[in-house]
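In case you want the letters, here they are:
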Amino acid sequence: MPLLFIAPSMVFFISFSYFPFVRTIVTSFTMTDAAGNFKRWMGLGNYRYIFSRHDFMDIIWNTLKFAPAVAISSLTIGFVLALFANERVKGFSRLNETLFSMPLAIASASAALVWGIILQPQIGALNYILGTNIGWLQNPDWAFFSVTMVTVWLQMAVNFIFLLTGLRAIPQELIESAKIDGAAGLQKFVKITLPMVSPTLFFVVFFNAMASFQAFGQIRMLTQGGPGIATRVLVYDIYLEAFMNYRFGTACAQSLILFAIMLAFTLIQFRFENRGVHYA
């Protein structure tokens, strides 16, 4: 009877999670035609080809820079905004919550179109406000920063919502007791707020890392991985290999490399969970 109850979920996971994952592993050792059909076995040939590319390590480096930069920046901004919104100021609390949550309601492709106009060198609002003439998306020195900034703006709303929920779950009795005992603002934050919200922080860090490694829409719309390969991260290179070059075996091999990187980050995060997370 228990197996009967979980059968629908198992069918779903096998069809849309486990089978595609196994198929990806198998395909990474093959050569396919343009339709993705098997042609012949390649063994480790796809992996040797990937690591022999002169630009592959640059793409890996872009990925390893991009993901932590987005994760840390969006977490920091989201946490500051959550702390600000948690201070219930009459007439502003709901307004702050609405304004800080708005990026969540916008799809990455739509947001990228708007940001693309803002970052235009001639007619863009950012250059007009700053009084500059920077090619934010055309200059390799600025393109990576610009794509990172847009991604941070997209992700900070999710962080804000989770962290604000975590902050408001802290029992007010603890805060009032700390005030009575004479704890200053910094002491309350370090001794009460931070430990009590640490499980939410851990989840948000994990969520940010996974989302940052898989960022695609804004890169596709803003820079298409350019100029050159300045903003080409691994997930976008997988897209190019599969849907532009029709090398599905190579794309699957790159997917497994990305999976290995994400798994390593995940294991590191869980390794330090017991040291920094306090469960009430």
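Because the structure is a prediction, the values reported are computed rather than measured.

What follows is about the overall build of the chain. Across its full length, the chain holds 13 helices and 2 strands. Once the C-alpha set of the chain is aligned to its principal axes, its extents read approximately 75 × 65 × 30 Å. Considering only intrachain contacts with a sequence separation of at least 6, the fraction spanning at least 24 residues in the chain is 69%. Summing over all exposed atoms, the chain offers an accessible surface of approximately 16200 Å²; the carbon and sulfur share of this is 69%. One finds the centroid of the 18 positive side-chain charges in the chain at a distance of 4 Å from the centroid of its 12 negative side-chain charges.

Packing of helix 2 (residues 45–52) against helix 12 (residues 248–271) leaves a shortest axis separation of 9 Å and a crossing angle of 75°. Between helix 2 and helix 12, the interaxial angle falls into the category roughly perpendicular. Contact residues: helix 2 offers Asn-46, Tyr-47, Tyr-49, Ile-50 and Phe-51, while helix 12 offers Gly-249, Thr-250, Ala-253, Gln-254, Leu-256 and Ile-257. In terms of residue class, the contact of helix 2 with helix 12 is made up of 7 nonpolar, 4 polar and no charged.

Our next topic: helix 2. Those residues of helix 2 that sit buried are Gly-45, Asn-46, Tyr-47 and Ile-50. Of the surrounding elements, those touching the buried residues of helix 2 are helix 1 (2–27), strand 1 (30–32), helix 3 (56–86) and helix 12.

Judged by nonpolar contacts, the single largest core of 43 residues is most densely connected at Phe-66, Leu-119, Leu-234, Ile-257 and Leu-258. The dominant element in this core, judged by the number of residues it contributes, is helix 12, at 8 residues. Setting aside residues no more than four positions away along its own chain, Leu-119 makes contact with Leu-126, Trp-136, Leu-137, Ser-146, Met-149 and Val-150. Membership of the second largest hydrophobic core comes to 18 residues, among which are Phe-100, Leu-164, Leu-167 and Ile-175.

Looking now at the packing of aromatic side chains. Counting across every chain of the model gives 23 aromatic pairs. An angle of 80° between the planes, with centres 6.2 Å apart, marks the rings of Phe-66 and Phe-144 as edge-to-face. Here Phe-66 is found in helix 3, whereas its partner Phe-144 is found in helix 7 (residues 140–168), with 78 residues between them in sequence. Looking at Phe-66, the relative accessible area reads 2%, which means it is buried. Of the residues examined, Phe-144 reaches a relative accessible area of 17% and is grouped as buried. Taken together, a centroid distance of 5.0 Å and an interplanar angle of 65° make the contact between Phe-216 and Tyr-239 edge-to-face.

What follows deals with the packing of helix 3 against helix 7. Taken N-terminus to C-terminus, the directions of helix 3 and helix 7 make an angle of 40°; their axes are 6 Å apart at the nearest point. If you check the angle between helix 3 and helix 7, you find them oblique. Handedness of the helix 3/helix 7 crossing: right-handed. A breakdown of the residues in the contact of helix 3 with helix 7 according to their chemical character gives 18 nonpolar, 9 polar and 2 charged.

Criteria and cut-off values
Positions within a chain are numbered from 1, following the residues in the order the chain's sequence is written. Given that this is a predicted model, residues contribute local features only at a pLDDT of at least 70 and side-chain atom pairs are listed and counted only at 80 or more, while totals for whole chains, interfaces and linings are drawn from all residues. The basis for the side-chain values is all heavy atoms of the structure; hydrogens and waters are excluded. A run of DSSP states H or I qualifies as a helix once it reaches four residues; a run of E qualifies as a strand once it reaches two. Both are numbered from the N-terminal end. Whether two residues are in contact is decided by their heavy atoms, any of which lying within 4.5 Å being enough. All accessible areas in this document rest on Shrake-Rupley with a 1.4 Å probe, and a residue is counted as covered only by the protein chains that are shown. The charge count includes Lys and Arg as positive and Asp and Glu as negative, but it does not include His or the ends of the chains. For the purpose of locating charges, the reference atoms are NZ of Lys, CZ of Arg, CG of Asp and CD of Glu. In this analysis an axis means a line fitted to C-alpha atoms, helices contributing only their contacting stretch, and an angle means the value between N-to-C directions, from 0 to 180 degrees. Should an angle fall under 35 degrees it is taken as roughly parallel, and over 145 as roughly antiparallel, whereas 65 to 115 is taken as roughly perpendicular and any remaining angle as oblique. Under the scheme applied here, ten amino acids are nonpolar (Ala, Val, Leu, Ile, Met, Phe, Trp, Tyr, Cys and Pro), four are charged (Asp, Glu, Lys and Arg), and all others, including Gly, are polar. Residue exposure (1.4 Å probe, protein chains only): buried if accessible area is under 20% of the type maximum, exposed if over 50%, otherwise partly exposed. Residues enter a nonpolar core if they are buried and are Ala, Val, Leu, Ile, Met, Phe, Trp, Tyr or Cys, with the set joined through side-chain atoms within 4.5 Å. Two rings from Phe, Tyr or Trp (for Trp, the six-membered ring) form a pair when their centres are within 6.5 Å of each other. A pair whose planes differ by under 30 degrees is stacked, one over 60 is edge-to-face, and the rest are tilted. Crossing chirality is assigned from the near helix's rotation relative to the far helix, an anticlockwise turn below a right angle marking it left-handed and a clockwise turn marking it right-handed.

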